[in-house]
Amino acid sequence: MSAVEAKLAELGLTLPQVVPPLAAYQPAVQSGVYVYTAGQLPMIEGKLPVTGKVGAEVTPEEAKDLARVCALNALAAVKSVVGDLDRIARVVKVVGFVASASDFTGQPGVLNGASELLGEVFGDKGVHARSAVGVTVLPLDAPVEVEMQVELVP
């Protein structure tokens, strides 16, 4: 077990299986020392546990937990390409999309679910740049979607 997966276990988490693509793309690709993930939905065992807009059908707290699931799914996608999460030198960038009710403005708080998880798992190597974007709708009516870019140890 890698040190990263041991840290996840310490947090009571396990790395899920890679979520199969919904269309014509790969869950993650490597270019040089970087791995870029596709947007990851909060799928748990192949299903979305909740659907709808944050600030309407989904609470900000639920959405924050779902963003954490998205980050775990993104790490699984990275592992599928590099084989060992201990090869991550740092998390560079996280982009999150929040399907938002028209008056919801708490997208940064929702995306903290992903960012805080990465900080817990990677420490200083998990500190990253980030964008939190409110959108009208996401695939499958998911409340949140997260993608990330990581740098590998050369």
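Just so you know, these numbers come straight off a predicted model, no measurement behind them.

Trainee: Describe in detail helix 2 (residues 60-82), supporting the description with residues and values.
Mentor: In this model helix 2 runs 33 Å from its N-terminal to its C-terminal C-alpha over 23 residues, within 8% of the 33 Å that 1.5 Å per residue would give. Of the residues flanking the end of helix 2, it is Gly-83, one or two places downstream, whose phi is positive at about 85°.

Trainee: Kindly report on the nonpolar core, identifying the contributing residues and their values.
Mentor: Of all hydrophobic cores here, the largest spans 39 residues; its most connected members are Leu-75, Ile-88, Val-110, Phe-122, Val-144, Met-148 and Val-150. Among the elements of the structure, helix 1 (3-10), helix 2, strand 3 (88-99), helix 3 (107-122) and strand 5 (144-152) are those that each provide at least two residues to this core. Considering each element in turn, this core owes the most residues, 12 residues, to helix 2. Excluding its chain neighbours within four sequence positions, the residues that come into contact with Met-148 are Val-35, Tyr-36, Thr-37, Ala-71, Ala-74, Leu-75, Lys-93, Val-94 and Leu-118.

Trainee: Got a sec to walk through the packing of aromatic side chains? Specific residues and values, please.
Mentor: How two aromatic rings sit relative to each other is set out by the distance from centre to centre and by the angle between their planes. In total, this model carries one aromatic pair according to the counting rule given. Ring geometry for Tyr-34 versus Tyr-36: centroids 6.4 Å apart, planes at 45°, classification tilted. With a relative accessible area of 28%, Tyr-34 lands in the partly exposed category. Relative accessible area serves as the criterion here: at 36%, Tyr-36 is assigned to the partly exposed category.

Trainee: Residue-level account of the sheet that holds strand 2 (residues 34-37), with values.
Mentor: Spatial strand order, 1-2-5-3-4: five strands in an open sheet with mixed pairing. This sheet does not close on itself; its edge strands, each paired only once, are strand 1 (28-31) and strand 4 (129-135). Mean inter-strand twist for the sheet, computed between neighbouring axes without regard to direction, equals 15°. Here strand 1 runs beside strand 2; their pairing, made up of four bridges, is antiparallel. Along strand 2, the bridge assignment pairs Gln-30 with Val-35. With respect to the sheet, helix 2 is in contact with strand 1, strand 2, strand 3 and strand 5, its orientation differing from that of strand 5 by roughly 40°. Sheet strands touched by helix 3: strand 3, strand 4 and strand 5. Its angle to strand 4, the strand with the most contacts, is close to 150°.

Trainee: Give a detailed account of a nonpolar patch on the surface, specifying residues and quantitative values.
Mentor: Taken together, the side chains of Leu-22, Tyr-25 and Leu-140 present a nonpolar region at the surface, about 280 Å² in accessible area. Judged by relative accessible area, Tyr-25 falls into the partly exposed class, the value being 33%.

Trainee: Before we move on, could you go through the packing of helix 2 against helix 3 and cite the residues and values that matter?
Mentor: The N-to-C vectors of helix 2 and helix 3 enclose an angle of 45°; their axes lie 7 Å apart at closest approach. Relative to helix 3, the element helix 2 is oriented oblique. Helix-helix and strand crossings are classified by hand; for helix 2 and helix 3 the assignment is right-handed. Where helix 2 abuts helix 3, its residues Pro-60, Ala-63, Lys-64, Ala-67, Arg-68, Ala-71, Leu-72 and Leu-75 lie against Gly-109, Val-110, Leu-111, Asn-112, Gly-113, Ala-114, Glu-116, Leu-117, Leu-118, Glu-120 and Phe-122. Residues that form the contact of helix 2 with helix 3 fall into these classes: 12 nonpolar, three polar and four charged.

Calculation notes
Residues numbered from 1 in each chain as written. Predicted model: local features only at pLDDT ≥ 70, side-chain atom pairs only at ≥ 80, totals over all residues. Heavy atoms only, no water. Helix = DSSP H or I, 4+ residues; strand = E, 2+ residues; numbered from the N terminus. Expected span 1.5 Å × (residues − 1). Core = buried A, V, L, I, M, F, W, Y, C linked by side-chain atoms within 4.5 Å. Buried < 20%, exposed > 50% of the residue type's maximum accessible area, 1.4 Å probe, protein only. Contact = heavy atoms within 4.5 Å. Phe/Tyr/Trp six-rings, centres within 6.5 Å; stacked < 30°, edge-to-face > 60°. Pairing = 2+ DSSP bridges. Axes fitted to C-alpha atoms, helices over the stretch in contact; angles between N-to-C directions. Patch = residues over 30% accessible without salt bridge, like charges linked within 9 Å, V, L, I, M, F, W, Y side chains within 5 Å. Areas by Shrake-Rupley, 256 points an atom, 1.4 Å probe, with all protein chains shown as cover. Salt bridge = Lys/Arg side-chain N within 4 Å of Asp/Glu carboxyl O. Parallel < 35°, antiparallel > 145°, perpendicular 65-115°, else oblique. Left-handed = near helix turned anticlockwise from the far one by under 90°. Nonpolar A, V, L, I, M, F, W, Y, C, P; charged D, E, K, R; others polar.

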